[in-house]
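# Close look at the chain arrangement
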Amino acid sequence: MNSTAGPALVDALTADVDRLRAAEPEVRQDLPDSVHKMRVATRRLRSLLRSYRGAFTRKAGGELSDELRWLAGLLGVARDAEVRGERFAALLGEGGGLFDDTVEASPKRKSGGKKKPVPDEAAPDEKPTPRMDFGAQLVAEERARYEAAHAEAVAAFDTRRYRVLLDRLGAMLNDPPLRSAKADAPATEVFTDVLRHDFRDLRRLVRTEPQGSEAERIERLHDIRKAAKRLRYSAEAAVAVLGEPATLLGRRAKQLQTVLGDHRDAIEALETLRAHTAAADEPGYQRMCDAEEAAAAKALEEYPAAIEFLRHHAL
């Protein structure tokens with residue numbers, strides 16, 4: 001373990017840069033979970049640069065953070081579509097097949113004033129033409145969004161902007177732009193201060209959670225989730241320095257992040273469904289909406305237990 005903060009922080013950043021570099025070829029091959037892994041590595045780096053910003057020169061930390069935000073944004077479009085597609089596919093798997101065989105082909109017009117078949121009734125000389133139902137169409141749309149966003153992310157890997165970002169990350173590790181006052185301070189002191197700061201920020205958000213509209217609460221819970229994630233990453237980076245207390249704090253922050261992540265995923269899936277109100281009469285639409293509402297409610301049931309650790313001291 002490094003006894004001063006600078007080398008200890010560089011060690012933590014090195015692990016995440018290695019994760020980012022290792023994930024790139026996997027994303028290019030579109031391997032399972034590869035986009036998620038690269039997005040997490042990018043977000044972890046941004047989070048550490050923010051939590052431990054006092055150790056870096058302002059310009060270096062800000063420029064890197066901006067470029068990591070750009071990369072995370074590209075990966076995020078793909079990942080969000082991937083998550084929605086998987087959620088909708090899982091709902092369809094629980095509720096039945098992907099196709100609605102009750103929908104018939106459009107009847108041909110017949111001369112002589114004969115009665116037209118009703119929409120759900122095939123003409124005698126026609127066979128039913130199955131078509132994709134609402135749920136399956138939704139899955140197909142999300143998968144198409146994922147493919148387009150994945151292609152855009154892969155194309156970005158071949159740009160000068162991405163290569164410069166990798167070069168800057170390498171330079172940060174080889175010649176860290178650290179402020180000597182922080183870099184030379186005891187690692188236990190600096191890392192403890194950062195964890196306590198992130199802990200207090202999270203606790204403040206929880207304590208001041210608004211009692212207003214549902215929309216206001218949803219956005220505050222999203223902010224709480226981001227703060228929990230930041231605390232988790234800063235705690236995980238401190239494990240080599242602070243040991244078990246940092247491990248335990250990171251685990252508790254991760255649990256809160258997971259609970260609110262489940263809530264956010266359900267809310268965003270529900271918003272996607274409600275954007276298709278024209279399909280409200282389609283088979284499966286209301287069932288999918290009900291399932292996402294139930295998932296969001298279930299996540300909130302776990303919220304009080306997940307924030308219990310904030311009643312105590314950070315370390």
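These numbers were taken from a predicted model, which means no experiment stands behind them.

## Brief notes about the overall build of the protein chain
- Within the protein chain one finds 12 helices and 2 strands.
- When the helices and strands of the protein chain are read in sequence order from the N terminus, they spell out α-α-α-β-β-α-α-α-α-α-α-α-α-α.
- Expressed as a percentage of its 315 residues, the buried residues of the protein chain come to 44%.
- A separation of at least 24 residues holds for 79% of the contacts in the protein chain among residues at least 6 apart in sequence.
- Carbon and sulfur atoms form 50% of the exposed surface of the protein chain, whose accessible area is close to 16,900 Å².

## With respect to the nonpolar core
- The biggest cluster of nonpolar side chains holds 71 residues, and the ones touching the most others in it are Leu20, Tyr52, Leu169, Phe191, Leu202 and Leu256.
- Top element by residues in this core is helix H1 (residues 5-28). It accounts for 10 residues.
- Apart from residues lying up to four places away in sequence, Phe191 is in contact with Ala5, Ala8, Leu9, Tyr52, Ala237, Ala238, Val241 and Leu242.
- Formed by 12 residues, the second largest nonpolar core is a distinct cluster that contains Leu138, Leu270, Leu273 and Cys289.

## Description of the confidence of the model for the protein chain
- Across the protein chain, pLDDT averages 86, with 86% of residues at or above 70.
- Across residues 95-122, where pLDDT falls below 50, the model places 32 contacts with residues more than four positions away in sequence or in other chains.

## Side note on the packing of helix H8 (residues 214-237) against helix H10 (residues 244-274)
- Orientation of H8 relative to H10, taken along the N-to-C sense of each, is 150°, at an axis distance of 8 Å. Judged by the angle between their axes, H8 and H10 are roughly antiparallel. When you trace H8 past H10, the crossing you get is left-handed. In contact with Ile218, Glu219, Leu221, His222, Ile224, Arg225, Ala228, Lys229, Leu231, Arg232, Tyr233 and Ala235 of H8, H10 contributes Ala246, Leu249, Gly250, Ala253, Lys254, Leu256, Gln257, Leu260, Gly261, His263, Arg264 and Ile267.
- Residue composition of the contact of H8 with H10, by class: 13 nonpolar, 5 polar and 6 charged.

## Quick look at the packing of aromatic side chains
- Using the criterion set out here, one finds 3 aromatic pairs in the structure.
- The interplanar angle of 40° and the centroid separation of 5.0 Å between the aromatic rings of Phe157 and Tyr162 together place this pair among those described as tilted. Neither Phe157 nor Tyr162 differs from the other in exposure class; each is buried.

## Details of a positive patch on the surface
- Taken together, Lys59, Arg160, Arg163 and Arg168 make up a surface patch of like positive charges.
- Top contributing element to the positive patch by residue count: helix H5 (residues 160-174), with 3 residues.
- When you line up the elements, Arg168 lands in helix H5.

## What about the packing of helix H2 (residues 34-51) against H8?
- In contact at an axis separation of 9 Å, H2 and H8 are set at 85° when each is read in the N-to-C sense. When the interaxial angle is binned, H2 and H8 end up roughly perpendicular. Here Val40, Arg43, Arg44, Ser47, Leu48, Arg50 and Ser51 of H2 come into contact with H8, specifically with Lys229, Arg230, Tyr233, Ser234, Glu236 and Ala237.
- In the contact of H2 with H8, the residues fall into 4 nonpolar, 3 polar and 6 charged.

## So, the environment of Ala155
- Within the secondary structure, Ala155 is located in helix H4 (residues 134-157).
- Note on Ala155: relative accessible area 45%, which makes it partly exposed.

## What about the pattern of salt bridges?
- Applying the stated criterion across every chain, the model contains 20 salt bridges.
- Note that Arg161 and Glu67 form a salt bridge whose closest N and O atoms lie 2.7 Å from each other. Pair noted here: Arg161 is in helix H5 and Glu67 is in helix H3 (residues 58-95), with a separation of 94 residues, a long-range link.
- Given a relative accessible area of 38%, Arg161 falls into the partly exposed group.
- The salt bridge involving Glu308 is made with Arg311; its shortest N-O contact spans 3.1 Å.
- Using a relative accessible area of 39% as the deciding quantity, one classes Glu308 as partly exposed.
- Through salt bridges with shared partners, a single network forms among Asp16, Arg19, Arg44, Arg232 and Glu236.

What counts as what
Residue positions are counted from 1 within each chain, in the order its sequence is given. Side-chain atom pairs in this predicted model are given and counted only at pLDDT of 80 or more, local residue features only at pLDDT of at least 70, and totals for whole chains, interfaces and linings cover all residues. Side-chain numbers come from the whole structure's heavy atoms, not from hydrogens or water. Numbering of helices and strands starts at the N terminus; helices are DSSP runs of H or I of at least 4 residues and strands are runs of E of at least 2. Exposure is judged per residue with a 1.4 Å probe applied to protein chains only, and the accessible area is read against the type maximum: over 50% gives exposed, under 20% gives buried, and values in between give partly exposed. The contact criterion used throughout is that any non-hydrogen atoms of two residues lie within 4.5 Å. Accessible surface is estimated by sampling points in the Shrake-Rupley manner with a 1.4 Å probe; for residues, cover comes only from the protein chains shown. To define a nonpolar core, start from buried Ala, Val, Leu, Ile, Met, Phe, Trp, Tyr and Cys residues and group those joined through side-chain atoms within 4.5 Å. What pLDDT reports is the predictor's confidence in each residue, on a scale of 0 through 100. Axes here refer to lines fitted to C-alpha atoms; in helices the fit is confined to the stretch in contact. Angles between the N-to-C directions go from 0 to 180 degrees. Should an angle lie under 35 degrees it is considered roughly parallel, over 145 roughly antiparallel, and from 65 to 115 roughly perpendicular; all remaining angles are considered oblique. By definition, any crossing whose near helix is turned counterclockwise from its far helix by less than a right angle is left-handed, and any crossing with a clockwise turn is right-handed. Any residue that is not Ala, Val, Leu, Ile, Met, Phe, Trp, Tyr, Cys, Pro, Asp, Glu, Lys or Arg is counted as polar, Gly included; the first ten are nonpolar and the last four charged. Two aromatic rings from Phe, Tyr or Trp, using only the six-membered ring of Trp, form a pair when their centres are within 6.5 Å; if the ring planes differ by under 30 degrees the pair is stacked, by over 60 it is edge-to-face, and anything between is tilted. Patch definition: residues above 30% relative accessible area lacking any salt bridge, with like charges linked at up to 9 Å and the nonpolar side chains Val, Leu, Ile, Met, Phe, Trp and Tyr linked at up to 5 Å. Any carboxyl oxygen of Asp or Glu within 4 Å of a side-chain nitrogen of Lys or Arg constitutes a salt bridge here. We count Lys and Arg on the positive side and Asp and Glu on the negative side, and we leave His and both chain ends out. Charge coordinates come from a single atom per side chain, which is NZ of Lys, CZ of Arg, CG of Asp or CD of Glu.

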